[in-house]
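Survey of secondary and tertiary structure
Below are the chains, spelled out letter by letter.
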Amino acid sequence: MSDGLHIERYERNWIWVGIITLVIFAAAILIAGFALGFQVPGDYQRVDPQTVAQQGPFADPGIREVSPGNYEAWIIARTWTFTPKDITVPVGSKITFYVTSVDVQHGFKLEGTNINMMVVPGQVSTLEASFDTPGVYDYICTEFCGAGHAAMFGSLTVEG
Ligand code: CUA
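Residues numbered from 1 in each chain as written. Predicted model: local features only at pLDDT ≥ 70, side-chain atom pairs only at ≥ 80, totals over all residues. Heavy atoms only, no water.

1. Focus on the nonpolar core
The biggest cluster of nonpolar side chains holds 25 residues, and the ones touching the most others in it are Phe97, Phe108, Leu110, Phe131 and Leu156. At the level of elements, β3 (70-78), β5 (86-90), β6 (93-101), β7 (106-110), β8 (116-119), β9 (123-131), β10 (135-140) and β11 (153-159) are the ones that each hand at least two residues to this core. Sorting elements by how many residues they give to this core places β3 first, with four residues. Once you skip the residues sitting within four places of it in the chain, Phe97 turns out to touch Ala73, Ile75, Phe108, Leu110, Ile115, Met117, Ser125, Thr126, Leu127, Phe131 and Leu156. Core analysis: the second largest hydrophobic core is formed by eight residues, Val47, Val52, Phe58 and Ile76 among them. (Core = buried A, V, L, I, M, F, W, Y, C linked by side-chain atoms within 4.5 Å. Buried < 20%, exposed > 50% of the residue type's maximum accessible area, 1.4 Å probe, protein only. Helix = DSSP H or I, 4+ residues; strand = E, 2+ residues; numbered from the N terminus. Contact = heavy atoms within 4.5 Å.)

Shown next, in the form of structure tokens:
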């Protein structure tokens, strides 16, 4: 026999298990990215966390309609609250969220959507979502930020 490389049957099977697992994981990433609309939070801009709440859009945080049905939500995270704590839009709206922190690292997860982003002092995190179903969508802090972390949330009301 002249086969230069002999691979045990078990070893060859396990190599195939590894290859198939990698193919499944790669497919999962591609499906999440292209079919399910997975979004990676953008680093919209860098800001000074000491002054960001005093100037620009974060000086007046809240919801603004920029064109019919299109809204921007400017939200400040600070221990242990979001400003504003409540947002209301009509059903069918598209909202682009801009969230920054003025102190420590927080998170921003909007239940019922695929929005889940880290909120880091010095950066503005941004993602968008459309709301075609009326209801109340809570946004919660997902990064442990101290004693009041569990009480750090707000809610978006989509009115039908
Ligand atoms: Cu903010 Cu946890």
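Don't stop here, the text continues.
2. Thoughts on a nonpolar patch on the surface
A cluster of nonpolar side chains, namely Ile15, Trp16, Ile19, Ile20, Val23, Ile24 and Phe25, defines an oily patch on the protein surface of about 710 Å² accessible area. Within the fold, Val23 resides in helix α1 (residues 9-35). (Patch = residues over 30% accessible without salt bridge, like charges linked within 9 Å, V, L, I, M, F, W, Y side chains within 5 Å. Areas by Shrake-Rupley, 256 points an atom, 1.4 Å probe, with all protein chains shown as cover. Salt bridge = Lys/Arg side-chain N within 4 Å of Asp/Glu carboxyl O.)

3. So, unusual backbone geometry
The residue after Thr79, namely Trp80, is reached through a cis peptide bond having omega -5°. Tracing the chain through its elements places Trp80 in the loop between β3 and β4 (81-83). At the junction of Thr83 and Pro84, the peptide bond is cis and its omega measures out at 0° in the coordinates. With respect to the element layout, Pro84 can be found in the loop between β4 and β5.

4. Structural notes on the sheet that holds β7
Strand pairing within a sheet occurs via backbone hydrogen bonds; the two strands may be parallel or antiparallel. Read across the open sheet, the five strands follow the order β5-β11-β10-β7-β8; overall the sheet is mixed. The open sheet is flanked by β5 and β8, the only strands paired with a single partner. Recorded for the sheet is a direction-independent mean angle of 20° between the axes of neighbouring strands. With six bridges joining them, β10 and β11 adopt antiparallel strand pairing. Bridging from a neighbouring strand, Asp138 pairs with Ser155 of β11. (Pairing = 2+ DSSP bridges. Axes fitted to C-alpha atoms, helices over the stretch in contact; angles between N-to-C directions.)

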